[in-house]
Each structure stands twice: as structure tokens, then as C-alpha cells.
Amino acid sequence: MVEEGSTLLRRMEISVAEAEKRTGKNTVNMQEIFTVYLIETRPIDAITEGHNPAPDSLWRRYSEFEILRNYLLVTYPFIVVPPLPEKRAEFVWHKLSADNMDPDFVERRRVGLENFLLRVASHSVLSNDKILYHFLTEVAICLLLSRRFTEMKHYSDELQSLTSQLLRVRARVADRLYGVYKVHGNYGRVFSEWSALEKEMGDGLQSAGHHMDAYAASVDDMLEEEEHYADQLKEYLFYAEALRAVCRKHELTQYELEMASSDLISKKQQREELATGMVRTFSFKGMTNKLFGQETPEQREAKLSLLEEQIVQGEETVTEKTVECEEYVKGAWVDMQRFKEQKDRDLREALIGYAVMQISMCKKGIQVWTNAKECFHKM
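Procedures and definitions
- Residues numbered from 1 in each chain as written.
- Predicted model: local features only at pLDDT ≥ 70, side-chain atom pairs only at ≥ 80, totals over all residues.
- Heavy atoms only, no water.
- UniProt positions renumbered as here; feature names shortened; annotations may be inferred.
- Helix = DSSP H or I, 4+ residues; strand = E, 2+ residues; numbered from the N terminus.
- Contact = heavy atoms within 4.5 Å.
- Areas by Shrake-Rupley, 256 points an atom, 1.4 Å probe, with all protein chains shown as cover.
- Expected span 1.5 Å × (residues − 1).
- Buried < 20%, exposed > 50% of the residue type's maximum accessible area, 1.4 Å probe, protein only.
- Core = buried A, V, L, I, M, F, W, Y, C linked by side-chain atoms within 4.5 Å.
- Polar contact = N/O pair within 3.5 Å; in protein donor to acceptor, adjacent residues only side chain to side chain.
- Phe/Tyr/Trp six-rings, centres within 6.5 Å; stacked < 30°, edge-to-face > 60°.
- Axes fitted to C-alpha atoms, helices over the stretch in contact; angles between N-to-C directions.
- Parallel < 35°, antiparallel > 145°, perpendicular 65-115°, else oblique.
- Left-handed = near helix turned anticlockwise from the far one by under 90°.
- Nonpolar A, V, L, I, M, F, W, Y, C, P; charged D, E, K, R; others polar.

- Identification of the chain as PX domain-containing protein from Oncorhynchus mykiss is taken from an unreviewed UniProt entry.
- Listed in UniProt under the heading Sequence similarities (unreviewed entry), the comment for the chain reads: "Belongs to the sorting nexin family."

In C-alpha cells:
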């Protein structure tokens, strides 16, 4: 139970301990370089009681900090939300690098991100928000689950690629096996024709020929059984596309939430500009006002009234999209875990079955030639 007036910073030690450069693929499957920041947290109670537990830690990208701040702006419009450090190096003098990956710039941004978290965590209202707590301690929340779904999307791509390769290899092996088996039919024909020329060896050659014919004929049943295992692999080749569809839906849901949040923030900025008469960004409308005169009070009031309605609708939309995103993430992630267990079980059984079948085929080949050897001994 959180005490009234208590802030998160009184209950938790928070730091952004380090930054790390990483490479990976973005949502359009392009390689990119980005920086992640290590957030470390420890309960104050454990420290004051003389314990020194290892901190809980997780990595966050700058874009995740942006999502958190946008969420706070929308949820708490009456609060002055602390700013984030700049995303790109701006207003730098000539001796400082403007490169976003420059170690000095990354370090300044790390300090700025830590300062942002400390200011939010010390605010009497913001610090008790559950999304902030999840941001600091958990990965699995709607607004911050993109990384898991991106990883799952990459996994589905790799699963499809590797399954395709395995099926191609299997097809080539099946073609060669078919040829090897059918060639044994030539042995049978030659032994049978030869047996007609020999009196003492004739029976042995003819029996060996029958074994070869039977072996050659058995390949059709074997390859039909092998096709059954290939169908099991093909099923997961197509499952990979279904996985990607789930990830694409998550991206769409996340995008709609971010667009709704961005639109709401824009509407609130417009309301502020109308109410104060101060335009913070350049706009064609602002230029025309300077050229042709300001709007009348009645026009301004009408616009303010319309903006208030749009803001109310926007807040409802953001709430709906947030709930939709959270529900989708929870349901999709649970089913993805179920799918993983099912996939592991099915593919394990299919691959074991395929190996057993190959062993059986090899044993049958050994048995055929063992029988042929016995026939030759009797000649």
C-alpha cells in the first residue's frame, strides 16, 4: 500500500547506469544501429536495513522513453511533465560532435535520461503511475513490448527460411534415394537374365534378383511415408506466416495508439496557442494571421470550443487504444507461448520419426544385401 504523498523515489533507488551501442533490424527489416540504456533499480528498504542486493536491471531505447513521456503528457494534462534530453545533437559549438553515436553525446544523454527518471519519480502524482513502475521494472507491458514482438517477427522469418532449406535438402535426398532404389531393379533384371544362362548358379542368381526387385519396389511406400514427415514441416513453414501476421497486427495496434497520442498532444498544443496567443512552431496559419490580422474573439472561442470537444474525444480514443493494445498484447503473448510449446513438441516428434524412418530404410538395404549374400553362398 502506497502512503499518501509518498513518491517512488523514496521507495526505490533509480539510475541509468550505462549505455550500449547495438545493431538490429527495424520494423521494415532494415539493419540499423541504435543505443540502449541500462536502468537499474533497488528497493530503499533493503538498503536501509543493511542489505546490499544486486539491482534489478533492464535495457531501454530512447524511443521507449519518448513513449513513456507521451503517455504521461496525455494522462496528466494538468502536470508540467519533465522534458527528455535532446534526441539529436543540436545547438552544439564547432568543437563538439553532432554525431548521435558520439560517446560524449551518448553519455550526456544517459545523464539526461537519468535526470528525467529522477524528476518523474520524485513527483507526487507521476511517481505513483503504474505504467512508470512497469517501465522501470517490467518489460511485458503494451507500450513497451515492441522489442519482444520484433524478436518474434525475426524468429518467424528465420523459422520459415530454415524450414524451407530443410525441405529442399529433403527433396534432393528423396530424389537420390528414389534413383538408388530403382537402380536395384536393374540388378534384379540382370540377375534374372543371368540365371537363365547358368545351371548351377541359376537358382541363387534368380533369388538374389527377386530380393533386388522387391527392394526397388518398396521405395514408393517409403517415400510416401517420408512425404508425411515433409507435410509436418510444411505446416510450420506456413505457421511462420501466421506468426508474422500476429506481429504485424501488434505493429498496427501500437501505431494507432502512438498516432492517437500524437494527435491528442497536437490538439492540446493548439488549444494552448489559441488561449495564450503564442505560437510555438511555424505554421502557414500563423503567417497569414500576421499578414491579414488576428482572429476575432468569437472566432477564437469557437475554435477553442471545437478543440475542447476534439480533446475529449482524443482522450477517449487514447484510452480505448491503450486498453485494446494491452488486451491484444496479453492475449497474443500467451498464445505465442502456447504455439512455441506446440511447435517444439510437434517438430521434435516429426524429426525423431524421420530419423527412425531413415534408419529403417538403411536396415532394409542391409537386409537385402545380406539376403543376396546368402543366395550367392548357395550357388
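1. Considering the overall build of the chain
Turning to step 1, where the next piece is worked out: Broken down by element type, the chain carries ten helices and three strands.
Turning to step 2, where the next piece is worked out: Secondary structure elements of the chain occur, N-terminal to C-terminal, as α-β-β-α-β-α-α-α-α-α-α-α-α.
Turning to step 3, where the next piece is worked out: Sequence separation of at least 24 residues holds for 72% of the intrachain contacts in the chain that already meet a minimum separation of 6.
Turning to step 4, where the next piece is worked out: Accessible area for the chain stands at about 23200 Å²; split by element, carbon and sulfur atoms hold 55% of it.

2. So, helix 3 (residues 62-75)
Turning to step 1, where the next piece is worked out: End to end, helix 3 covers 20 Å across 14 residues, agreeing with the expected 20 Å (1.5 Å per residue, within 8%).
Turning to step 2, where the next piece is worked out: For helix 3, every residue scored as buried is listed here: Y62, E64, F65, I67, L68, Y71, L72 and V74.

3. A look at the side chain of K267
Turning to step 1, where the next piece is worked out: Positionally, K267 belongs in helix 8 (residues 219-276).
Turning to step 2, where the next piece is worked out: K267 has contacts with L307, Q310 and I311, leaving out every residue within four places of it along the chain.

4. A few points about the nonpolar core
Turning to step 1, where the next piece is worked out: Of all hydrophobic cores here, the largest spans 26 residues; its most connected members are F65, L72, L117 and L136.
Turning to step 2, where the next piece is worked out: Going through the elements one at a time, strand 1 (12-25), strand 2 (31-43), helix 3, helix 4 (103-121) and helix 5 (130-137) are the ones with two or more residues in this core.
Turning to step 3, where the next piece is worked out: With sequence-adjacent residues up to four places away left out, L117 is seen in contact with I14, V16, I39, F65, F135 and L136.
Turning to step 4, where the next piece is worked out: With 22 residues, the next largest nonpolar core counts A230, L233, Y236 and V329 among its residues.

5. A short note on helix 4
Turning to step 1, where the next piece is worked out: Its 19 residues give helix 4 an end-to-end C-alpha distance of 27 Å, which sits within 8% of 27 Å, the value for a rise of 1.5 Å per residue.
Turning to step 2, where the next piece is worked out: Along helix 4, the residues classified as buried are F105, V106, R109, R110, G112, L113, F116, L117, V120 and A121.
Turning to step 3, where the next piece is worked out: A side-chain oxygen of the first residue of helix 4 lies 3.1 Å from the backbone nitrogen of D104; this N-cap is D102.

6. Some thoughts on the packing of aromatic side chains
The description of two aromatic rings rests on the distance between their centres and on the angle between their planes.
Turning to step 1, where the next piece is worked out: A full pass over the atoms with the stated rule returns ten aromatic pairs.
Turning to step 2, where the next piece is worked out: Here Y236 and Y239 contribute two aromatic rings whose centre-to-centre distance is 4.9 Å and whose plane-to-plane angle is 40°, an arrangement assigned as tilted. Here Y239 and Y236 lie together in helix 8, a separation of three residues that amounts to about one turn.
Turning to step 3, where the next piece is worked out: Looking at Y239, the relative accessible area reads 25%, which means it is partly exposed.

7. Side note on the packing of helix 3 against helix 8
Turning to step 1, where the next piece is worked out: The interhelical angle for the contact between helix 3 and helix 8, taken along N-to-C directions, is 50°, at an axis separation of 10 Å. Comparing their axes, helix 8 and helix 3 come out oblique. Crossing hand, helix 3 versus helix 8: left-handed. Only Q254, E258, S261, L264, I265 and K268 of helix 8 make contact with helix 3, whose side of the interface consists of I67, N70, L73 and V74.
Turning to step 2, where the next piece is worked out: Here the contact of helix 3 with helix 8 is composed, by residue class, of five nonpolar, three polar and two charged.

8. Notes on the packing of helix 7 (residues 202-217) against helix 10 (residues 297-377)
Turning to step 1, where the next piece is worked out: Two elements in contact, helix 7 and helix 10, have axes whose closest approach is 8 Å; the angle formed by their N-to-C orientations is 170°. The angle between helix 7 and helix 10 falls in the class roughly antiparallel. Here helix 7 contributes G204, L205, S207, A208, H211, M212 and Y215 to the contact with helix 10, which in turn contributes M361, K364, G365, V368, W369, N371, A372, C375 and F376.
Turning to step 2, where the next piece is worked out: Of the residues belonging to the contact of helix 7 with helix 10, the class tally is ten nonpolar, five polar and one charged.

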